[in-house]
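Topology and contacts: notes
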Amino acid sequence: MTDSRIDEILNLLQPKKGTRLWYGGATAAGSLRGVGCEEAAWKPAPERHSICALVLHLAYWKYAVRRILEDSPKGVFARQPSNWPAVPVDAGEKALKEDRGLLVEEQVKLLAVVRAFGPRRLDEIAPGSGRYRFIDLMFGVATHDLYHTGQIQLVRRLYRGRQK
């Protein structure tokens, strides 16, 4: 038995290859094509997030939602603090590649869990989530991705349009 809601979540998380959506890259990882370490570390203002920070934040929430969907014991995310991990001031290409890899790794793991999720459980309340159903968490992580992918595109445009 399948559920069209899972199909839609998968489409939002990983659109078909070659899809270009209105806000830019079809996925967060796709929106990073051509981004170098200087651009990734740049902030539009001191209190704003860099592309690096957004990438790690996205990776964390993919991790967090996946662990709830799997009913995994509480774990420790690869970077700390978890929700908005610290971005090294001197992050270079190697660090950017590692962060991008973490995002892709968490994306792959999340997609596998969503694909395998039992449709009959979609409307159950997810343990530890308060009042949220599993389907709420899945759509939540998908829309969270879209929101921050749009932010990455905006930061890219601001970086490239700034006066040097």
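All of the points below concern the structure found in this document. (Residues numbered from 1 in each chain as written. Predicted model: local features only at pLDDT ≥ 70, side-chain atom pairs only at ≥ 80, totals over all residues. Heavy atoms only, no water.)

1. With respect to the pattern of salt bridges
Should their charged atoms come close, side chains of opposite charge can pair. Cut-off, in case you're wondering: Within this document, salt bridges are pairs made up of a side-chain nitrogen of Lys or Arg and a carboxyl oxygen of Asp or Glu, the two lying within 4 Å of each other.
For the structure shown, the criterion picks out 14 salt bridges. Connected through salt bridges with shared partners, the residues D3, R5, D123, R133 and D136 form a single ionic network.

2. A word on the layout of surface pockets
This is how it is decided: Cavities and pockets were defined on a 1 Å grid built from protein atoms only: a cavity is a group of points that admits a 1.4 Å probe but offers it no way out, a pocket is an open group of points flanked by protein on both sides within 12 Å along at least five of seven lines, and a lining residue is one with an atom within 4 Å of any such point. Grid points are joined across faces, edges and corners, and a volume is the space filled by probe spheres set on the points.
The volume enclosed by the largest pocket comes to roughly 270 Å³. A64, R67, I68, K74 and G75 are, among the 15 residues lining the largest pocket, the residues nearest its centre. Looking at the second largest pocket, its volume works out to about 200 Å³. Around the second largest pocket sit Q14, P15, K16, K17, G18, T19, A26, T27, A29, G30 and R33, which together line it.

3. A closer look at the packing of helix α3 (residues 51–70) against helix α4 (residues 93–116)
Which entries qualify depends on this criterion: With axes taken as lines fitted to C-alpha atoms, and helix axes fitted only over the stretch in contact, angles between N-to-C directions fall between 0 and 180 degrees. Helix numbers and strand numbers start at the N terminus; a helix is a DSSP run of H or I with at least 4 residues, a strand a run of E with at least 2. Each angle receives one of four descriptions, namely roughly parallel if under 35 degrees, roughly antiparallel if over 145, roughly perpendicular if within 65 to 115, and oblique otherwise. By definition, any crossing whose near helix is turned counterclockwise from its far helix by less than a right angle is left-handed, and any crossing with a clockwise turn is right-handed. Any two residues whose heavy atoms approach within 4.5 Å at even a single point are treated as in contact. Each residue is assigned to one class: nonpolar for Ala, Val, Leu, Ile, Met, Phe, Trp, Tyr, Cys and Pro, charged for Asp, Glu, Lys and Arg, and polar for all the others, Gly among them.
With their axes 9 Å apart at the nearest point, α3 and α4 run at an angle of 25° to one another. Relative to α4, the element α3 is oriented roughly parallel. Viewed along their axes, α3 and α4 form a crossing whose handedness is left-handed. Of the residues in α4, those touching α3 at C52, V55, L56, L58, A59, K62, Y63, V65, R66, L69 and E70 are L96, D99, R100, L102, L103, E106, Q107, K109, L110, V113 and V114. Residue classes in the contact of α3 with α4 are distributed as 14 nonpolar, 1 polar and 7 charged.

4. What about the nonpolar core?
For the record, the criterion: Put simply, buried Ala, Val, Leu, Ile, Met, Phe, Trp, Tyr and Cys residues joined by side-chain atoms within 4.5 Å make one nonpolar core. Note on exposure labels: buried denotes an accessible area under 20% of the residue type's maximum, exposed denotes more than 50%, and partly exposed covers the range between, all computed with a 1.4 Å probe on protein chains only.
In this structure, L32, A40, I51, V55, F77, L103 and I152 are the most contacted members of the largest nonpolar core, which totals 20 residues. For this core, the secondary structure elements donating two or more residues are α3, α4 and α5 (134–161). With 10 residues, α3 is the largest single contributor of residues to this core. If sequence neighbours within four positions are ignored, F77 has contacts with L56, A59, Y60, Y63, S82, P85, L102 and E106. If you look at the next biggest cluster of nonpolar residues, it comprises 19 residues, including I6, V114, L122 and A142.

5. Quick word on the packing of aromatic side chains
What counts is decided by this rule: When the centres of two rings from Phe, Tyr and Trp lie within 6.5 Å, Trp using its six-membered ring, the rings pair. Their planes under 30 degrees apart give stacked, over 60 give edge-to-face, and anything left gives tilted. Distance and angle both matter: a charge sits over a ring if NZ of Lys or CZ of Arg is within 6 Å of the ring centre and within 35 degrees of the ring normal.
One pass over the full model with this rule turns up 6 aromatic pairs. Taking the centre distance of 5.2 Å and the plane angle of 50° together, the rings of Y63 and F77 count as tilted. Of this pair, Y63 sits in helix α3 while F77 sits in the loop between α3 and α4, and the two are 14 residues apart along the sequence. As far as burial versus exposure is concerned, Y63 and F77 are alike and both buried. The structure contains a cluster of three or more aromatic residues connected by ring pairs, namely Y60, W61, Y63 and F77. For R162, the ring lying beneath its charged end belongs to Y159, and the centroid distance is 3.9 Å.

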